[in-house]
Amino acid sequence: MSDRHISQHFETLAIHAGNTADPLTGAVVPPIYQVSTYKQDGVGGLRGGYEYSRSANPTRTALEENLAALEGGRRGLAFASGLAAEDCLLRTLLSPGDHVVIPNDAYGGTFRLFAKVVARWGVEWSVADTSDPSAVRAAITPKTKAVWVETPSNPLLGITDIAAVAQVARDAGARLVVDNTFATPYLQQPLALGADVVVHSLTKYMGGHSDVVGGALITGDAGLGEELAFHQNAMGAVAGPFDSWLVLRGTKTLSVRMDRHSENATKIADMLGRHPRVTSVLYPGLPDHPGHEVAAKQMRAFGGMVSFRVEGGEEAAVAVCDRAKVFTLGESLGGVESLIEHPGRMTHASVAGSALEVPADLVRLSVGIENVDDLLEDLQQALGR
């Protein structure tokens, strides 16, 4: 980040960190450096340290500086997808025979990576309710090298006390990894609460417009940052320059979008809580949510994700998804448009039969930034009034 970015206010950092005016033209938006290689001034004479765009690209550098600033970290790294970022992190932190504690509610792709990929090269894992620090402590073994947390979690919107679990991990000599995709750095700052690494699917709120796929790792540990950067280059699943530019555009409006996402989601959760066909609403902004007090302590607001359960079981939940009109039936989340899905048959089908299996009557909403009255009306008609 340039020395001129002296403000520590998030909204200012989001717009200016990494976004240095182009020195040739003065363009206020960093260019898309759609290039694979760079002219050298003599053998080994690199300009700005750039030699090959897998190793570094100026547009990706701008995004990585922006991400590090927003999370309060010392090093940010951008990847081709969230799972590519997770894969790089696991191969950096772990060796065959090591152990990881994973949450009992997590993104299906993360679980698949542990259960079907990482386990094949000798890494062990066990599941714990990360909302209970004592349960995390009980799951740790002498071989544990990392504790993995999602908060809020996907799709049950569970809340983990990051500072408390960070202490548990430190006591065991393990790293704490926090997937901050649902909250974003605008609502929650895991590194400041003791996490070692933050993971993002940039596809979601950071990009914010459902037009890019990407992932990121951010750490406050300079040494770990160098190790991650080595593996990023060695493994090669880097963010491309155009994808980096799209996410960099998205982070500039993150704060105003998250304010609206959270505002709309709160009103929708309140309505669902009063609806006779809804049996349970999962949203940390509700006072009766078991993690509400912790969320209020570590989050600025409660985010745009809402899950709920309906009477009538799985078929009734699927029918609600099918009847929605303003909410688009689709996977993913975090865009300006509202999405609805059935996790058991869609995003979390891969966890069926495991300790992470989700309820069949569950519906997940990614609440967008449309007029909330239109969203409320749509859900009411989808539920059958």
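On a predicted model such as this, the values are computed, not experimentally measured, just so you know.

1. Here we look at the nonpolar core
Thought 1: The biggest cluster of nonpolar side chains holds 82 residues, and the ones touching the most others in it are Val147, Leu176, Ile268, Leu272, Val306, Phe308 and Leu365.
Thought 2: The leading source of residues in this core is helix α10 (residues 254-274), at seven residues.
Thought 3: Aside from chain neighbours lying at most four places away, what touches Phe308 is Leu272, Val278, Ser280, Val281, Val320, Asp361, Leu362, Val363, Leu365 and Leu383.
Thought 4: Formed by 28 residues, the second largest nonpolar core is a distinct cluster that contains Leu77, Ala106, Phe111 and Ala146.

2. A short note on the side chain of Ser262
Thought 1: By secondary structure assignment, the location of Ser262 is in helix α10.
Thought 2: For Ser262, a relative accessible area of 6% corresponds to the buried category.
Thought 3: One polar contact links the side chain of Ser262 to the main-chain carbonyl oxygen of Met258, over a distance of 2.9 Å.
Thought 4: Leaving out residues up to four positions away in the same chain, Ser262 has contacts with Leu187, Tyr283, Ala301, Phe302 and Gly303.

3. A closer look at the pairing of strand β12 (residues 362-366)
Thought 1: For β12, a buried count of five out of five residues is recorded, marking the element as mostly surrounded by other parts of the structure.
Thought 2: Here β12 shows two buried faces, one formed by Leu362, Arg364 and Ser366 and the other by Val363 and Leu365.

4. What about the packing of aromatic side chains?
Thought 1: Under the counting rule described, the total for this entry stands at five aromatic pairs.
Thought 2: Geometrically, the ring pair formed by Tyr38 and Tyr50 is tilted, given 5.7 Å between the ring centres and 35° between the ring planes. With Tyr38 in the loop between α1 (10-16) and α2 (58-71) and Tyr50 in the loop between α1 and α2, this pair connects stretches of sequence that are 12 residues apart.
Thought 3: Its relative accessible area of 16% is what places Tyr38 among the buried residues.
Thought 4: Classification of Tyr50 by relative accessible area gives buried; the value is 16%.
Thought 5: Each ring, one from Phe242 and one from Trp245, has its centre 6.1 Å from the other, and the planes form 15°; the classification is stacked. Here the residue Phe242 and the residue Trp245 both occupy positions in helix α9 (residues 241-252), the gap between them amounting to three residues, near one helical turn.

5. Quick word on the side chain of Asp179
Thought 1: Summarising the element assignment, Asp179 is placed in strand β5 (residues 175-179).
Thought 2: An unpaired buried charge is present at Asp179: no salt bridge exists, and Lys204, the closest side chain of opposite charge, is 8.2 Å distant.
Thought 3: Side-chain polar atoms of Asp179 contact the side chain of Thr181, separated by 2.7 Å.
Thought 4: Setting aside chain neighbours within four positions, we find Asp179 in contact with Glu86, Val149, Glu150, Thr151 and Val199.

6. Overview of empty space enclosed by the protein
Thought 1: A complete count under the given rule lists one cavity of 30 Å³ or more for this structure.
Thought 2: Within this model, the largest cavity holds a volume of roughly 30 Å³.
Thought 3: Counting only elements with at least two residues in the lining of the largest cavity, the list comes to β2 (99-103) and α4 (108-117).
Thought 4: Examining the composition of the lining of the largest cavity, we find that three residues originate from one element, α4, more than from any other.
Thought 5: Within the lining of the largest cavity, the residues separate by chemical class into seven nonpolar, one polar and no charged.

7. Focus: the sheet that holds strand β9 (residues 305-310)
Thought 1: Sheet architecture is open: five strands sit in the order β8-β9-β12-β11-β10, paired in mixed fashion. Edge positions in the sheet fall to β8 (278-282) and β10 (328-329), since each has one partner strand and no second.
Thought 2: Sitting on the sheet, helix α12 (residues 313-323) is in contact with β9, β10, β11 (339-341) and β12, with an inclination near 135° to β9.

8. Here's the deal with the environment of Ser153
Thought 1: Relative to the elements of secondary structure, Ser153 occurs in the loop between β4 (144-150) and α6 (162-171).
Thought 2: We classify Ser153 as buried; its relative accessible area is 5%.
Thought 3: Along the primary structure Ser153 and Ser131 are separated by 22 residues, whereas in three dimensions their C-alpha atoms are 10.0 Å apart.
Thought 4: A distance of 2.5 Å separates polar atoms of two side chains, one belonging to Ser153 and the other to Asp105.
Thought 5: Engagement of the side chain of Ser153 in a polar contact is seen with the backbone nitrogen of Gly158, the distance being 2.7 Å.

9. Topic: the pattern of salt bridges
Thought 1: Applying the stated rule across the entire model yields 13 salt bridges.
Thought 2: Put simply, Asp87 and Arg91 hold a salt bridge, and the shortest N to O gap is 2.8 Å. Here Asp87 and its partner Arg91 are both found in helix α3 (residues 82-93), four residues apart, which amounts to about one turn of the helix.
Thought 3: For Arg91, a relative accessible area of 40% translates into the label partly exposed.

About the criteria used
Residues numbered from 1 in each chain as written. Predicted model: local features only at pLDDT ≥ 70, side-chain atom pairs only at ≥ 80, totals over all residues. Heavy atoms only, no water. Core = buried A, V, L, I, M, F, W, Y, C linked by side-chain atoms within 4.5 Å. Buried < 20%, exposed > 50% of the residue type's maximum accessible area, 1.4 Å probe, protein only. Helix = DSSP H or I, 4+ residues; strand = E, 2+ residues; numbered from the N terminus. Contact = heavy atoms within 4.5 Å. Polar contact = N/O pair within 3.5 Å; in protein donor to acceptor, adjacent residues only side chain to side chain. Phe/Tyr/Trp six-rings, centres within 6.5 Å; stacked < 30°, edge-to-face > 60°. Lys, Arg positive; Asp, Glu negative; His and termini not counted. Salt bridge = Lys/Arg side-chain N within 4 Å of Asp/Glu carboxyl O. 1 Å grid on protein atoms, 1.4 Å probe; cavity = no way out; pocket = protein on both sides within 12 Å on 5 of 7 lines; lining within 4 Å. Points joined across faces, edges and corners; volume = space filled by probe spheres on them. Nonpolar A, V, L, I, M, F, W, Y, C, P; charged D, E, K, R; others polar. Pairing = 2+ DSSP bridges. Axes fitted to C-alpha atoms, helices over the stretch in contact; angles between N-to-C directions.

In short, the description is geometric, and any link to function would need to be established separately.
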